[in-house]
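# Survey of secondary and tertiary structure
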Amino acid sequence: MDLKNARERLAKIQAKHAAYDHALEIISYDGMTTAPKGTAQNRARALSVLTEDIYKMSTSKNTEKLLEALDARKDELTEAEKRQVFLLLKSFRDMKKIPMDEYVAYQVLLVEADDVWHKAKETSDFALFEPYLEKIFETNKRFAGYLDPSKKPYDYWLNEFEEGLNMKICDKFFGRLKERLVPLIEKAVKKPQVDDSVLKGNFSDAKQEELAEYLMKLIGLDTDHVGLGTTEHPFTTTIGSHHDVRITTNYKKDDFSSSMFSVIHEGGHALYETGANDEFAYTVLDGGVSMGIHESQSRFYENILGRSRGFCDYIFPELCRIFPSVKKYTADDFYKAVNKVQPSLIRTEADEVTYCLHVMIRYELEKRVMAGELKVHDLPGEWNRLYKEYLGVGVPDDRRGVLQDSHWSGGMIGYFPSYALGSAYGAQFLKKMKETVDVDGDIAKGDFSKVNEWNRQNIWQYASLYTPAQLLKRVLGKDFDPDCYLDYLEEKAKSVYGV
Ligand code: ZN
């Protein structure tokens, strides 16, 4: 084998995959943003043709031969090439374990399920979505069996979203969170509740969009490469390479903080994606390494920076300028309002302290359905029971209950724990960052440059070059410790409630 030639072919294969991904991502982005309601079937047809092509490309004998030849000479490859060969071989071998017709059928199911989920959520009709969700869980179990029969199905998917993760680690992690969070929440809710009327009023989409654009620039996003759209459920997607990233938000008429913090959250994802080393574009190394590391960035910007005292003081005059009704309040009112601790129904709107309990409920339910201990049909009832037990809230309808998130309709079973893990990683990153950066001082001046540079140097530039565990070890120089996050949350609750 001519190594020079093989390297060129390796780059070409990845560029072709990136082009197909580009097409798939734009189709799905269109479906979730501006496409008219009745067009899902039309997209499903295009998707089934493209995914069949990807499947054939991914399982071709020539590609496999090339990868195996490169793998045999890995000592002569660069660090990046070695990781590319490893990841491609893994995904190609995985792909071959799933029969093509089942793989294509699953992609089509997901497109239809997303459409049905939207309708079901609108009308709060779980029965409409139930048969699709049943098929999704069933397919995930079956695929896990094809991919790695030695693992329990749920362990397989946890590890796919966060390399190295399994139920044993999750049980321990959530157990520790529960131990310290539940008493903290109990103490906080006994204190006089914070008045959050500073956030409430009547805010036009246009004004909220003005704030969104201001925030995107403030946190350091390059708006020539990061676009903003609106969707029911905010998300971030990368189109083809890290040179084109789209974030979305949702404007609530009566509360400007909902979109405000969505934009900062999705902006954190977009910073991570666009911060990748340019050499990784159009390769499998482009894009964040795991959902946990991704959430560590998004929730770092949203909460650790975005809800900090310094940031609230800095942004307050700008809020008064855009929304005149805010003027009758103080920056301290705003700080307390966005850090109000209140057990509630909707995960994406939950405060930092109660947030992980929302995640825990989803983790527990997924675990039981994947183990065959709970039927999809019984999910709404169990959902409502656990919300009462952990958060003390009654769920009035499935729209604000089991149907609220888009993850299950997108087939992402095993994703939720990464939100909680990511939050915890972020708190430990902050501690490390503070050794060399005056985080509080800079953010109080609206200066994100040094914080961003630290993240770029330590995290973003590497994209998927290192595994999450390797990256954590490189950045922190020690093991992950969830107590760092719990210390941070206790301090936050103290600053707002004095508990
Ligand atoms: Zn996120």
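So, here's what we can say about the structure. Since the model is a prediction, treat every value here as computed from it, not as a measurement.

## A look at empty space enclosed by the protein
Within this structure, the stated rule accounts for two cavities of 30 Å³ or more. In this structure, the largest cavity spans a volume of roughly 60 Å³. For the largest cavity, the full set of lining residues is Ser296, Arg299, Phe300, Asn303, Ile304, Glu352, Gly422, Ser423, Gly426, Tyr485 and Tyr488. Broken down by secondary-structure element, the contributors of at least two residues to the lining of the largest cavity are helix 11 (291-305), helix 16 (417-433) and helix 20 (483-497). The element contributing the most residues to the lining of the largest cavity is helix 11, with five residues. Classifying every residue of the lining of the largest cavity gives four nonpolar, five polar and two charged. In this model, the second largest cavity occupies a volume close to 40 Å³. Along its surface, the second largest cavity is lined by Asn339, Val341, Asp351, Glu352, Val353, Lys492, Ala493 and Val496.

## Notes on the layout of surface pockets
Estimated volume of the second largest pocket: approximately 530 Å³. Lining the second largest pocket are 22 residues, and of these Leu430, Lys434, Asp440, Tyr488 and Glu491 lie nearest its centre. When contributions to the lining of the second largest pocket are tallied by element, the ones reaching two or more residues are helix 11, helix 12 (309-322), helix 16, helix 17 (439-444) and helix 20. The element that contributes the greatest number of residues to the lining of the second largest pocket is helix 20, accounting for seven residues. Taken together, the residues that form the lining of the second largest pocket break down as nine nonpolar, three polar and ten charged.

The rules behind these values
- Residues numbered from 1 in each chain as written.
- Predicted model: local features only at pLDDT ≥ 70, side-chain atom pairs only at ≥ 80, totals over all residues.
- Heavy atoms only, no water.
- 1 Å grid on protein atoms, 1.4 Å probe; cavity = no way out; pocket = protein on both sides within 12 Å on 5 of 7 lines; lining within 4 Å.
- Points joined across faces, edges and corners; volume = space filled by probe spheres on them.
- Helix = DSSP H or I, 4+ residues; strand = E, 2+ residues; numbered from the N terminus.
- Nonpolar A, V, L, I, M, F, W, Y, C, P; charged D, E, K, R; others polar.

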